[in-house]
Amino acid sequence: MSEPDDIKLMERCSNGDRHAFELLLARYEKPVFNAAYRMLNSADDARDVTQTVFLKVYEHLDQFDPKYRFFSWIYRITLNESMNWLKKTNRLGALEGDTADTASGPEQEASNQQLSEGMQAALMTISPDYRAVIVLKHLLGCSYHEISEVLEIPEKTVKSRLYTARQRLQETLTERGLH
Amino acid sequence: MMIEPKYFELIQADLDGEIDLAGKAELEEFLAASEEGRGVYEELETLCRSLDGMPEMDPPQHLRHVLLNQAPVKAAAEPSPGFLRGLFSGPALGYAGVFAAGVALTLALVDSDQISRGTFDDMTGLVGTIADSKLTAPEHGTISVDESEVAGTVTLRSAGPLLIVDFDLSARQPVEIMVGYSDKTIWFNGFAQLESIGTTIAAQTGAVTVNMDGKRRYAVYLNNPGMRPATIDLRFMAKEQVIHEAQLSFSGTG
């Protein structure tokens, strides 16, 4: 995550530089889409949330506080928009037995796919707050400090949420014979 | 024997790469002495590996085009038709909203007797809204398709730098339509359909592929920034066989 570049791109975007926006998009489209997908378990919903996220980024460029890092800002928007989407669709609670809406190809090894789908289904059984720390840690590769910055919670809370989230995932996977 | 909470913390910190040297030494000492501790460590390590190994998905191809279309709104100095970009730029418009706006635009461009036939009764509110914009949309040609698999018309229109390929087709079986354009400066700008299901679209460089079945009304939007002359190649396929080919031409206004 090359922060000076992000900030420069943000400045260029503010001046109406379309190419700078294209570069930011190229850098963050995939992580944003994947984070939303893991939060929502739906590629269609993730697509809509991704669009909303970039609209918000573009429209609020001037509100970005450069003391924070760009990725923490865009990931925060992504998770907030995902939470809003869950609220709007009455899926804010943990979903028992939700199945994964994956788009993996037939060439993928069956056992890996089963585990991956099982993991996504298990993710949907924990609350969105716990899901968010898992997404930030394991999908977006954030450190405790970065997670605390994105979610605006103390690092101590990050650690305890991660611990509880993993414990619940492990229980669910064990119950389903996937771990 | 119960494991003290601090060791759970150390195990997690180690697996997350967030442990300091003193913590690492303490953890190693604990693990060397505790079989239960080693079991917990291995279980958590396996879980973390599975989570790290979850596959990443590629976003839909056309999403970037839709997102990029939002970017020029801030560049107030850039000349543009205005209302179209405004339609796409509102924060309240979701992805479906973009398509709905596209549908409305398409409907504003079709002649009024098509609307009065009642085909689009459910969209009249949107038509009214867009009609107020007094958008002119010259027609540059229509081709008719009359094959056993698919029949109907395809019309090429333009609105500023936008080329609108307007499909009104009925297919008896799944049909794939490739909309090709060799001019590299042209890019896919959007898609609109009246039905929410039944037609899918994929955009590649120089071509947009639409899959449809049944009676469908939809439009493909191409951005032709230089408003240069352009040729749109249409290839209709069913069961992997070419069943019809046609061309539509835009003579350019740039």
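Residues numbered from 1 in each chain as written. Chains lettered and ligands numbered in written order. Predicted model: local features only at pLDDT ≥ 70, side-chain atom pairs only at ≥ 80, totals over all residues.

S.K.: Could you give an account of the overall build of chain B, with specific residues and numbers?
M.R.: For chain B, the helix and strand inventory stands at eight helices and eight strands. Taken over 254 residues, chain B has a buried fraction of 32%. Across chain B, the fraction of contacts at a sequence separation of at least 24, relative to all contacts at a separation of at least 6, is 59%. (Helix = DSSP H or I, 4+ residues; strand = E, 2+ residues; numbered from the N terminus. Buried ≥ 20, exposed ≤ 12 C-beta atoms within 10 Å, placed from the backbone. Contact = placed C-beta atoms within 7 Å.)

S.K.: So what's going on with the overall build of chain A? Residues and values would help.
M.R.: Assigned secondary structure in chain A consists of eight helices and zero strands. Each helix and strand of chain A, ordered N terminal to C terminal, gives the series α-α-α-α-α-α-α-α. When burial is assessed residue by residue, chain A has 42% of its 179 residues classed as buried. Expressed as a percentage of contacts within chain A between residues at least 6 apart in sequence, the contacts between residues at least 24 apart total 65%.

S.K.: Provide a residue-level description of the interface of chain B and chain A, including the pertinent values.
M.R.: Between chain B and chain A, the contact holds 29 residues from the first and 38 residues from the second. Listed by contribution, the elements that provide at least two residues to the side of chain B that touches chain A are α1 (5-15), α3 (35-52) and α4 (63-68) of chain B. Per-element accounting of the side of chain B that touches chain A gives the leading share, six residues, to α3 of chain B. Split into classes, the residues belonging to the side of chain B that touches chain A amount to 18 nonpolar, four polar and seven charged. (Nonpolar A, V, L, I, M, F, W, Y, C, P; charged D, E, K, R; others polar.)

S.K.: Kindly report on the pairing of strand β5 (residues 200-204) of chain B, identifying the contributing residues and their values.
M.R.: All names here are of chain B. Of the two faces of β5, the one holding Ile201 and Ala203 is buried and the one holding Thr200, Ala202 and Gln204 is not buried anywhere. Examined bridge by bridge, β5 and strand β6 (residues 207-223) share five bridges and lie antiparallel to one another. Considered in β6, the bridge of Ala203 is made with Val208. Counting the residues that bridge the hairpin from β5 to β6 gives two residues, and of these Gly206 lies at a positive phi of roughly 80°. (Pairing = 2+ DSSP bridges.)

S.K.: Can you lay out the nonpolar core for me, pointing to particular residues and giving the numbers?
M.R.: If you look at the biggest cluster of nonpolar residues, it comprises 61 residues, and the most contacted ones within it are Ala36, Ile74, Val133, Leu136 and Ile147 of chain A. If you tally residues by element for this core, the top one is helix α2 (residues 18-40) of chain A, at 11 residues. Leaving out residues up to four positions away in the same chain, Ile74 of chain A has contacts with Tyr28, Val32, Val53 and Val57 of chain A. By size, the runner-up hydrophobic cluster in this structure holds 34 residues, among which are Ile186, Ala219, Val220 and Leu234 of chain B. (Core = buried A, V, L, I, M, F, W, Y, C linked by C-beta atoms within 7 Å.)

S.K.: Lay out the confidence of the model for chain B in plain terms, naming residues and giving numbers.
M.R.: Residues and elements named next belong to chain B. A residue-level look at chain B finds 70% of positions with pLDDT of 70 or above and a mean pLDDT of 74. Highest mean pLDDT in chain B belongs to helix α2 (residues 21-33) (96); lowest belongs to helix α8 (residues 124-131) (26). Taken as a whole, residues 75-135 scores under 50 in pLDDT and shows 78 contacts with residues more than four places along the chain or in a different chain. Interface confidence in the predicted complex, given as ipTM, is 0.85; pTM for the same model is 0.58. (pLDDT = per-residue confidence, 0-100.)

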